[in-house]
Amino acid sequence: MLGCRAASCPGDRPRQPEELMARADSGSGPWPPEGRLGSWTQMSHTKPYIRKKAVLIMYKVFLKYPESLRPAFPRLKEKLEDPDPGVQSAAVNVICELARRNPKNYLSLAPLFFKLMTSSTNNWVLIKIIKLFGALTPLEPRLGKKLIEPLTNLIHSTSAMSLLYECVNTVIAVLISLSSGMPNHSASIQLCVQKLRILIEDSDQNLKYLGLLAMSKILRTHPKSVQAHKDLVLQCLDDKDESIRLRALDLLYGMVSKKNLMEIVKKLMTHVDKAEGTTYRDELLTKIIDICSQSNYQHITNFEWYISILVELTRLEGTRHGHLIAAQMLDVAIRVKAIRRFAVAQMSALLDSAHLVASSPQRSGICEVLYAAAWICGEFSEHLQEPQQTLEAMLRPKVTTLPGHIQAVYVQNVVKLYAAILQQKEQAADTSAAQEVTQLLVERLPQFVQSADLEVQERASCILQLVKHVQKLQAKDVPVAEEVSALFAGELNPVAPKAQKKVPVPEGLDLDAWINEPLSDSESEDEKPKAMFQDEEQRHTKPRAPEADEQELARRREARRQEQANNPFYIKSSPSPQKRYQDAPGVEHIPVVQIDLSVPLKVPGMPLSDQYVKLEEERRHRQRLEKDKRKKKKRERERRGTRRHSSLHTESDEDIAPAQRVDIVTEEMPENALPSDEDDKDPNDPYRALDIDLDKPLADSEKLPVQKHRNAETSKSPEKEDVPLVEKKSKKPKKKEKKHKEKEREKKKKEVEKGEDLDFWLSTTPPAATPALEELEVNTTVTVLKEGQEEPRGEEQDAEEDREQDLEKKPSKHKKKKHKKDKEERPKDKRKSKKKVPPADEEAAEPVENGTLEEEPLPPMSSYILLAENSYIKMTYDVQGSLQKDSQVTVSVVLENQSDSFLKSMELNVLDSLNARLARPEGSSVHDGVPVPFQLPPGISNEAQFVFTIQSIVMAQKLKGTLSFIAKNDEGSTHEKLDFKLHFTCTSYLVTTPCYSDAFAKLLESGDLSMSSIKVDGISMSFHNLLAKICFHHRFSVVERVDSCASMYSRSIQGHHVCLLVKKGEKSVSVDGKCSDPTLLSNLLEEMKETLATC
Amino acid sequence: AWRAKKIQAILVFNNHGKPRLVRFYQRFPEEIQQQIVRETFHLVLKRDDNICNFLEGGSLIGGSDYKLIYRHYATLYFVFCVDSSESELGILDLIQVFVETLDKCFENVCELDLIFHMDKVHYILQEVVMGGMVLETNMNEIVAQIEAQNRLEKSEGGLSAAPARAVSAVKNINLPEMPRNINIGDLNIKVPNLSQFV
């Protein structure tokens, strides 16, 4: 496109920047010096238009060639103060974009931008600069302080919402950067929040959206000032606009506290029920989880409530976030030890009702939760109330319909459960029960052994063997529970996802060094196995490392424990008194909790989270009362001790004690983990390369040669004098190259032209459309010709043989009548048959419904026009071409006998021109005429067809001709002749060809067509009729129509594409045409103008 | 992949989702482009006229930093996909400027103009947005530039085309053989690669 654009814009001036861009884009080789020089010099072109484009292009140049940034930057900086606002704007644009990615390098420009900000009136420039300041302030808080005042002024003064909004945004950025340094900017925050509230309350949804967006930025640092507008945010959750609801959701994230979490989540849950689209519902789901799990479940005071929320979420139809819920369940169950008993109860209920969760295939996303449920029930099976029941639930045949990875977890955890049950039964000395459980497993496990999933199959068959072995032992009354449980002894701890990455490489370990010397390349392939075998043998003979004895192991363990204890990141091993207690074996322990007895550990059935909300309220209320009591006591004590506190009853977040003393286990980190968090930089970021110090003075090697005026005073240093030479040198090849390139391009273009033309044709001609049309034409002629012949068949069947004679000599009265009638009807007939053709084409050509023409009666139309007329005969004619014959047209001449004479021996002849010739029978000379193959009784008309060969069709032409005939009546016969002028209009070379709009668009996209237009005033005809007229008389078809605008297409017999855009104004019609031949187009349009003038 | 463009794409399609102007400033394979247009259309179509004109494109193009900012005129949707460095309200204004410019350049602009005058439309767009960056926001500037371009084209077209026309007319009459388009039935339809616009 660039190339083609450059070619299509003839002014060489505007072309240059684009060429530069093309070069910058295509540069795979070394940096073309002339390109750099080009944009360099264009930046100071006299025309602001060129400067503007050159400046903008520099951005791309920088991206592609970062090394050019430093040398070019001073010039770019100059452009910030260009007298032309457009250039200035472009420079601001480029620098802002550069600075956005690497702001620190542009701090030194701050004063300049500050000046611009206070002086410029162009809102676009202002917005850009203000946005840039937003990026700069975090790096330089002092800048922020300076900005606050002018920005607040702008906020107060501007009427442009876009500017106001960006000002608020930047003030927010400033405040964020200042929040650490200067705490007292509450006035500005207040102003911002106030303005944003106005935006959010505005009826304009766009402002509402942006207001919420900005609000979320404030939220991060000044949550308190935003939380005051919670009402507004919750209100936006009910907005009909999804974008706004999503923004409001984002805000909610920061608005929750211990106090309102339950309330907010409750509100979200009702939204989940109401939500229509799955996307929004999924978004809600993830938001609920985000909100609850944020900063290590900071705001959750009651995990039972959270678990029940998660369980409720599993009832969502068709969510894709089952895995998210599962992850949360696992996370909570593992890390909040106090909740395990409750979680296990819930999960076993979930497993029990697994058929509900996994019943319909569209809920497949949600069955992920079964993964979590199975694991939790297995891992923490000691908390199970009815382990046997859960075990049976997990072994149901239905389970085999679950996805493989879930079945695998089922199988594994079935054994854990089994182990727990065995233990339980053996302790109770209930051997028969223990054997029953084993039997159950032996019976049910085979269904998993048959699984198509390898993992399931493998696990199941392993376990089946194990259980069979256990069965044997049980039969011998050997206690096995201890050993089976040993399979799952020990606790699984959560490991932080980044843990592995953070393990420092121990000193002296070189991971790149060879462990063994690499095998020499000379070694041939077939020797290798041998070598390996030898190696193996050697290994066997190698003395094995002495096994560490028990003492040594104990010593090492102790050392590691010490190390871990000293490591702040190894939280798990720093033994809190509570943990030590937990770690004591065999003790089922719930931490030092004061479990509130009002919170039942097991709510019958699926607990509704709402119940918890209520319970929680009650609990808090009681807590508050207690606290108040305590306070009162304290106060009383204090009162006695003279000092007095005014204690307003405000419940702050911190006052709410969690229901359970939850022990949130932090994820484990490896020993010696590095506390760095900077590991997420993408090395592919192109802006990294542009992270260049721009303030450092240019080294000589970096300086760009500068083109100077010949008489400029700066030709002092010899170094600079050399420079223009260099440039001349580099400029010459550029021109050559350009020419060469253009030639190439032209060549290519030509090639493409041919190719595309073909392609276009292929894509346009729906099969058989044209032949069908032709057939129709033929049919009309045939009926005219044969009507006279076919009619009698019905009445006098035996007259067939005499028919010709009949026709010739003694036409019956009846027939005469018939013919007369026929004559009267003929135009109508024609009209009917002809008329039907174009609309049919229109339909075919219109894949888009919006263009269909409404049914409206069309005026009668005939394409036959008068050729010549005298007292004997009247000739009307029509010219038709076909796409199959690119240099032929068929002229259909209707000859109508207007006299009482019998007309015979008719012969038509024309004076051939160089361009158009009448096709004559073989062997006849140019002067011979072509005989008309019929005779005409009085009052009869018939049609004869003559073929002409045409060379060029781009211009209309006329051929002189004569029809000679013998008129015979009662008085005798006379030789007569009639001269005529056969007019081949350009239109007559067109063939109605339907075209689909896609192909039409592609054709126009190619850009190879020349354009021309006409406009005709004073048109009163309806657009519909107008189009029909153009379709009929000019052989176009409608490609698409939109209101009073239509695109049309036709094709010449020689393959010229003709495209039209017809637009109707008040009283005028404009026709824009595009065609592969300009002459043909202008002639066609002229002809069309004549037609339209009569409308 | 890193996106270097502030404006990632400009899509114009009608109420039926038929693309009228598609301009990507980032290279995408043809199928992806079509998919993006299709999905964008479905996103935008769902939205009433009286709700906000911003849409988080999300996975569509560019990722979370990108937004779809659109306007709906009678039969056409104008959708800009921009990153966060652009002012949302500014882009809305820019769309208006673009549409008004089109209306000025094509009397009584209609969606079919975008197809018929595709070259000109791209030229106008090029004056507004260049390489994914906003070049000019002042409509008068843009129109002036387009008019200058038209004048230039006319003068060149008038000078160069007139003799060419005469020559071709004469040649066509005398030449016995004219180069003709031959229709070959089994060539694949070549889809012009839109990425050449980038």
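Higher on the page you've got the structure.
Quick notes on the rules
Residues numbered from 1 in each chain as written. Chains lettered and ligands numbered in written order. Predicted model: local features only at pLDDT ≥ 70, side-chain atom pairs only at ≥ 80, totals over all residues. Heavy atoms only, no water. Pairing = 2+ DSSP bridges. Helix = DSSP H or I, 4+ residues; strand = E, 2+ residues; numbered from the N terminus. Axes fitted to C-alpha atoms, helices over the stretch in contact; angles between N-to-C directions. Expected span 1.5 Å × (residues − 1). Buried < 20%, exposed > 50% of the residue type's maximum accessible area, 1.4 Å probe, protein only. Salt bridge = Lys/Arg side-chain N within 4 Å of Asp/Glu carboxyl O. Phe/Tyr/Trp six-rings, centres within 6.5 Å; stacked < 30°, edge-to-face > 60°.

Draft legend 1. Structural context of the sheet that holds strand E3 (residues 54-56) of chain B. Residues and elements named next belong to chain B. In spatial order, the strands read E2-E1-E5-E4-E3; together these 5 strands make up an open sheet with antiparallel pairing. Each edge of the open sheet is held by one strand with a lone partner, namely strand E2 (19-24) and E3. On average, each strand axis in the sheet is inclined to that of its neighbour by 20°, with strand direction left out of account. Two elements, E3 and strand E4 (residues 66-73), share 3 bridges in a ladder whose sense is antiparallel. Across the sheet, Leu-55 pairs through a bridge with Leu-68, a residue of E4.

Draft legend 2. A look at helix H40 (residues 1023-1034) of chain A. Residue and element names in this part refer to chain A. Between its terminal C-alpha atoms H40 stretches 16 Å, which fits the 16 Å expected from 12 residues at 1.5 Å a residue. When you tally the buried positions in H40, you get 11 out of 12 residues, the bulk of the element. Looking only at H40, the buried set comprises Phe-1023, His-1024, Asn-1025, Leu-1026, Leu-1027, Ala-1028, Lys-1029, Ile-1030, Cys-1031, Phe-1032 and His-1034. Of the residues one or two after H40, Arg-1035 is the one with positive phi, at around 60°.

Draft legend 3. Representation of the pattern of salt bridges within the structure. Overall, the coordinates contain 32 salt bridges over all chains when judged by the stated rule. One salt bridge connects Lys-1015 of chain A with Glu-107 of chain B, and the closest N-O pair in it is separated by 3.5 Å. Note that Lys-1015 of chain A is positioned in strand E11 (residues 1010-1016) and Glu-107 of chain B in the loop between helix H2 (88-105) and helix H3 (111-116), a pairing that runs across two chains. Residue classification places Lys-1015 of chain A among the partly exposed positions, given a relative accessible area of 42%. When the shortest N-O distance is used, the salt bridge between Lys-1063 of chain A and Asp-113 of chain B registers 2.5 Å.

Draft legend 4. Highlighting the sheet that holds strand E9 (residues 972-984) of chain A. All names here are of chain A. Strand order in the open sheet formed by 4 strands is E6-E4-E8-E9, and the pairing between neighbours is antiparallel. The open sheet terminates on both sides in strands that have one partner only, identified here as strand E6 (930-931) and E9. Where strand E4 (residues 902-910) lies against strand E8 (residues 957-969), 7 bridges are found, and the strand directions are antiparallel. By the bridge assignment, Asn-909 is partnered in E8 with Thr-962.

Draft legend 5. Structural context of the packing of aromatic side chains. Residues and elements named next belong to chain A. This model, assessed by the stated rule, comprises 16 aromatic pairs over all chains. Aromatic side chains Phe-73 and Tyr-106 sit 5.6 Å apart centroid to centroid with 70° between the ring planes, which places their arrangement in the edge-to-face category. Taken together, the residues span a long stretch of sequence, with Phe-73 in helix H5 (residues 69-78) and Tyr-106 in the loop between helix H6 (85-101) and helix H7 (110-119) at a distance of 33 residues. According to the relative accessible area criterion, Phe-73 is buried, its value standing at 5%. Geometrically, the ring pair formed by Phe-948 and Phe-984 is edge-to-face, given 5.2 Å between the ring centres and 65° between the ring planes. In this pair, Phe-948 is assigned in strand E7 (residues 941-950) and Phe-984 in strand E9, connecting sequence segments 36 residues apart. Assigned by exposure class, Phe-948 and Phe-984 land together as buried.

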